[in-house]
Amino acid sequence: MNILILGSGGREHAFAWKIAQSKELQNLYIAPGNAGTANCGTNVDIDLNDFESIKNLVWQKDINLVLVGPEDPLVKGIHDYFLNDEVLKEIPVIGPKKDGAQLEGSKDFSKKFMLKHGVPTARYATFTKDNLQQGFDFIDTLEPPFVLKADGLAAGKGVLIIDDITEAKTELKNMLVDAKFGAASTKVVIEEFLKGIELSVFVLTDGKSYKILPAAKDYKRIGEGDMGLNTGGMGAVSPVPFADEAFIKKVEELVVIPTINGLNKDGIDYRGFIFIGLMNCNGEPSVIEYNCRMGDPETEVVIPRIKSDFIDLLQGVATQTLHEKNYETIDEIATTVVMVSGGYPESFEKGKEITELNNNFDSQVFHSGTKLVGDKVVTNGGRVFAITSFGKTIEEAVTKSFATADKIEYQGKYFRRDIGNDLKAYK
Ligand code: AMP
Ligand code: GLY
């Protein structure tokens, strides 16, 4: 089989690394990829939103399956583009069409969907600049902190959590009237703050049946102790000790099944990953958000824990035979520690030479923002690597990740040394 992966992050490197181990694979292409994916297949320098060039590549390289990593091309309709093209329509795309991608592309859509299909989530209301005053009134009915969400994609920055009521109202106005997040904040969802501990549950579906993949916990803030600005994710742990079998069963019954049934009822033929961001509120799951893709860095712990052939699972999605597939997991704990560029998530410099990469590490080094310049590997993004390790305990796994992160060198390197600390108390 010839496979094309779209994307260039740690998530795509983890996909590429796993797919490259499959006996089913003939040729693997990654567009645009990074210095790490170049070790698993062939990188092709194409912009993810240039569907025409992707079409030519699929045609020239006789690609049999396309796996879409990030949300952007899905929300922009890459799957629909394939289906509407005489040449491409038979080639399966793993990732939803535009309608399903709205689960991530519009917070208002996803909240309406949850309400309609009885999926537990925080109380909310949606506002535009035409009913700003009602937005202020709604804020008055809530307890702080106040959660304001730009409706559209805002590169992970569109959610504000604000303690002060006056500031919350000012920010609501900034979003709706002054387009703080551009077109993404034409609508704003305001919702109740959920108290609890967060985790991510991943579902792979062919539109009819589904598999729940290993759960993971992400560390979103830049600073240790969950302080400072939000990032794409600074580390992850899988499995999640507080998400035991009973809790996952609850998630399946209260969230996963109503979601899959809801998609069917609404005529949305969804083939791909559903990433469910959940709050565990005293043992009860409540959905914070859906994403129409896998998480990054969660993929870097979830995928390595899947023992079975990954192409086989993807083929199950492509041919709607997922119900016939089974997958096994590795029981050990996986942790990943994200190494970032100095300054991230604010401005940072790229192009720093990376050294000591060829050591024999006790970890799997997934590249995020790296690129090859001649025979050198240089930094090329805010998140540079995700260092994944296994252990019998979180402590054992994460200690290996830190040891590897300590060895790899580039100017401005930073990583959090407290990944998994909060979970060590759970046994
Ligand atoms: P989102 O972009 O929807 O994932 O939101 C970013 C982060 O904000 C989430 O990962 C949560 O940590 C937090 N968050 C979002 N919605 C809520 C909520 N209703 N209650 C508490 N925290 C929230
Ligand atoms: N790690 C969170 C995300 O991928 O959105």
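Up top is the structure.
The rules behind these values
- Residues numbered from 1 in each chain as written.
- Chains lettered and ligands numbered in written order.
- Predicted model: local features only at pLDDT ≥ 70, side-chain atom pairs only at ≥ 80, totals over all residues.
- Heavy atoms only, no water.
- Near = heavy atom within 4 Å.
- Polar contact = N/O pair within 3.5 Å; in protein donor to acceptor, adjacent residues only side chain to side chain.
- Areas by Shrake-Rupley, 256 points an atom, 1.4 Å probe, with all protein chains shown as cover.
- Nonpolar A, V, L, I, M, F, W, Y, C, P; charged D, E, K, R; others polar.
- Helix = DSSP H or I, 4+ residues; strand = E, 2+ residues; numbered from the N terminus.
- Pairing = 2+ DSSP bridges.
- Contact = heavy atoms within 4.5 Å.
- Axes fitted to C-alpha atoms, helices over the stretch in contact; angles between N-to-C directions.
- Salt bridge = Lys/Arg side-chain N within 4 Å of Asp/Glu carboxyl O.
- Buried < 20%, exposed > 50% of the residue type's maximum accessible area, 1.4 Å probe, protein only.

Draft legend 1. View of the site of ligand 2. Near ligand 2 you find Asp218, Gly232, Phe275, Arg293, Gly295, Asp296, Pro297 and Glu298, and these make up its full shell. Here a nitrogen atom of ligand 2 sits 3.0 Å away from a polar atom, N or O, in the main chain of Gly232. One of the side-chain N or O atoms of Glu298 is found 2.9 Å from a nitrogen atom in ligand 2. The fraction of the free accessible surface of ligand 2 (190 Å²) that becomes covered by protein chains is 87%. Here the shell around ligand 2 is built from residues that sort into two nonpolar, two polar and four charged.

Draft legend 2. How the structure looks around the site of ligand 1. Near ligand 1, the surroundings consist of 14 residues, among which Glu191, Glu192, Leu194, Glu198 and Glu289 are the closest. In the model, an oxygen atom of ligand 1 is placed 3.1 Å from a nitrogen or oxygen of the Lys107 side chain. With the chains in place, 89% of the 480 Å² that ligand 1 exposes on its own is no longer accessible. Those elements that provide at least two residues to the shell around ligand 1 are strand 7 (146–150), strand 8 (159–162) and strand 17 (284–291). In the shell around ligand 1, the residues fall into seven nonpolar, no polar and seven charged.

Draft legend 3. Region of the structure containing the sheet that holds strand 15 (residues 235–238). The strand order across the open sheet formed by five strands is 12-15-18-22-19, and the pairing between neighbours is antiparallel. Looking along the sheet, the strands with just one partner apiece sit at the ends: strand 12 (217–218) and strand 19 (364–367). Of the strands in this sheet, strand 15, strand 18 (333–340), strand 19 and strand 22 (383–391) are in contact with helix 12 (residues 394–407), which crosses strand 22 at around 140°.

Draft legend 4. Structural detail: the pattern of salt bridges. Within the structure shown, the criterion is met by 32 salt bridges. The shortest N-O distance in the salt bridge between Arg416 and Asp226 comes to 3.1 Å. With Arg416 in the segment after helix 12 and Asp226 in the loop between strand 13 (221–223) and strand 14 (227–230), this residue pair connects regions lying 190 residues apart in the sequence. Overall, the relative accessible area of 1% leaves Arg416 in the buried class. The class for Asp226 is partly exposed, based on a relative accessible area of 35%. Note that Glu395 and Lys424 form a salt bridge whose closest N and O atoms lie 3.4 Å from each other. Of this pair, Glu395 sits in helix 12 while Lys424 sits in the segment after helix 12, and the two are 29 residues apart along the sequence. Judged by its relative accessible area of 44%, Glu395 falls in the partly exposed class. The exposure class of Lys424 is partly exposed, given its relative accessible area of 25%. Each of the salt bridges in this network shares a partner with another, and the network as a whole consists of Glu71, Glu104 and Arg293.

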